[in-house]
Amino acid sequence: MLRQTAFGIALSTLVLASGMSSAYIRGQTLPKKSDQKQVLSMSSPRLTPPVTAKSTDLERSVFDQINRYRASKGLPKLVLNAKISRQARLHSLSMANGKVPFSHQGFRRRVGAIPIRCRSAGENLAFNLGYSDPAEEAVTGWLHSSGHLANIKGNYNMTGIGVATNSQGKVYLTQIFLRSTR
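Residues numbered from 1 in each chain as written. Predicted model: local features only at pLDDT ≥ 70, side-chain atom pairs only at ≥ 80, totals over all residues. Heavy atoms only, no water.

**Some details on the overall build of the protein**
Part 1 of the argument: Along the backbone of the protein there are 5 helices and 8 strands.
Part 2 of the argument: Along the protein, helices and strands appear, N-terminal first, in the series β-β-β-β-α-β-α-α-β-α-α-β-β. (Helix = DSSP H or I, 4+ residues; strand = E, 2+ residues; numbered from the N terminus.)

What follows is the structure, encoded as structure tokens:
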């Protein structure tokens, strides 16, 4: 997509995969898609740098923006969980490395690998290139998409966020939402 700026035209891309959510009790229910997936064809680079300070800053930015939005709607804030973030980060790395396509492929496996009993789970994905604030672009895109917004406003109490950047500068973002059974 071309974005007009005060300094001319900048080439920027934001791609969202439909928000995925499910009533999930381990081993019982399959997740279902809430919207059609939007995907651009893309090449898949094979090398991704390790998680960097910038990646963790972007993860924190997504977390803060989502909780500000939830608070503005009178919803309880989500708790950031390192075990959920690990699975989100692994998925972002796999997409950035080209090991898996930009998709919710493996969603059940990711949720099942988190050692937290949960009633429901959801996932939002985005990748973008050419934006000065990739986290803000992803969250803005999610807030303007019904499936992603449903996850953001959903009856979840925990979240994890993972960000990875490939050698071409594409930033992949995964946010997993859980409702624990405490």
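**Here we look at the nonpolar core**
Part 1 of the argument: With 19 residues, the main nonpolar core has Val62, Ile66, Trp142, Ile152, Val163 and Leu173 as its most contacted residues.
Part 2 of the argument: Only helix H1 (53-72), helix H4 (134-143), helix H5 (146-152), strand E7 (158-165) and strand E8 (171-180) provide two or more residues apiece to this core.
Part 3 of the argument: For this core, the element with the highest residue contribution is H1, accounting for 5 residues.
Part 4 of the argument: For Val62, the residues in contact, after removing those within four places along its chain, are Ala135, Val139, Trp142, Ile161, Leu173 and Gln175.
Part 5 of the argument: One finds Ile84, Ala88, Ile116 and Met158 within the second-largest nonpolar core, a separate group that totals 11 residues. (Core = buried A, V, L, I, M, F, W, Y, C linked by side-chain atoms within 4.5 Å. Buried < 20%, exposed > 50% of the residue type's maximum accessible area, 1.4 Å probe, protein only. Contact = heavy atoms within 4.5 Å.)

**Some thoughts on the side chain of Arg110**
Part 1 of the argument: Examined against the element boundaries, Arg110 turns out to sit in helix H3 (residues 107-113).
Part 2 of the argument: In terms of polar contacts, Arg110 uses its side chain to reach the side chain of Glu123, at 2.8 Å. (Polar contact = N/O pair within 3.5 Å; in protein donor to acceptor, adjacent residues only side chain to side chain.)

**Considering the pairing of E8**
Part 1 of the argument: Among the 10 residues that make up E8, 9 are buried, leaving the element largely enclosed by the rest of the structure.
Part 2 of the argument: Two strands pair when backbone bridges link them, and strand E6 (residues 118-129) and E8 are joined in this way by 10 bridges, in the antiparallel orientation. Bridge pairing in E8 places Asn128 opposite Val171. (Pairing = 2+ DSSP bridges.)

**Focus on helix H2 (residues 82-97)**
Part 1 of the argument: A rise of 1.5 Å per residue sets the reference length of H2, with its 16 residues, at 22 Å; its end C-alpha atoms lie 22 Å apart and thus fit the reference within 8%.
Part 2 of the argument: Check the buried side of H2 and you find it contacts strand E5 (79-80), H3, E6, E7 and E8. (Expected span 1.5 Å × (residues − 1).)

**Digging into the confidence of the model for the protein**
Segments scoring low in pLDDT should not have their predicted coordinates read at a detailed level.
Part 1 of the argument: On average, residues of the protein score 79 in pLDDT, and 70% of them reach the 70 mark or higher.
Part 2 of the argument: Mean pLDDT across the elements of the protein bottoms out in strand E1 (residues 2-5) (34) and peaks in E5 (98). (pLDDT = per-residue confidence, 0-100.)

**A closer look at the packing of aromatic side chains**
Part 1 of the argument: Per the stated rule, a full pass over the model turns up 4 aromatic pairs.
Part 2 of the argument: Among the aromatic residues, those joined into a cluster by ring pairs are Phe102, Phe127 and Tyr172. (Phe/Tyr/Trp six-rings, centres within 6.5 Å; stacked < 30°, edge-to-face > 60°.)

**Points about H4**
Part 1 of the argument: Taken together, the buried positions of H4 are Pro134, Ala135, Ala138, Val139, Gly141 and Trp142. Along the axis of H4, the buried residues cluster in a sector spanning 160 degrees; they form a single face. (Arc of directions from axis to C-beta.)

**Concerning the environment of Gly122**
Part 1 of the argument: By the secondary structure assignment, Gly122 is in strand E6.
Part 2 of the argument: Take Gly122: its relative accessible area is 0%, and that puts it in the buried class.
Part 3 of the argument: Note: C-alpha distance between Gly122 and Leu178 (56 residues apart in sequence) is 6.6 Å.

**Focus: the pattern of salt bridges**
Part 1 of the argument: One pass over the structure, following the stated rule, counts 3 salt bridges.
Part 2 of the argument: Between Glu59 and Arg89 there is a salt bridge, with its nearest N and O atoms 2.5 Å apart. Of the two residues, Glu59 sits in helix H1 while Arg89 sits in helix H2, which places them 30 residues apart along the sequence.
Part 3 of the argument: Residue Arg89 is classed as partly exposed on the basis of its relative accessible area, which comes to 22%.
Part 4 of the argument: Residue Arg60 pairs with Asp64 through a salt bridge whose shortest N-O separation is 3.7 Å. Taken together, the positions of Arg60 and Asp64, both in helix H1 and 4 residues apart, correspond to about one turn of that helix. (Salt bridge = Lys/Arg side-chain N within 4 Å of Asp/Glu carboxyl O.)

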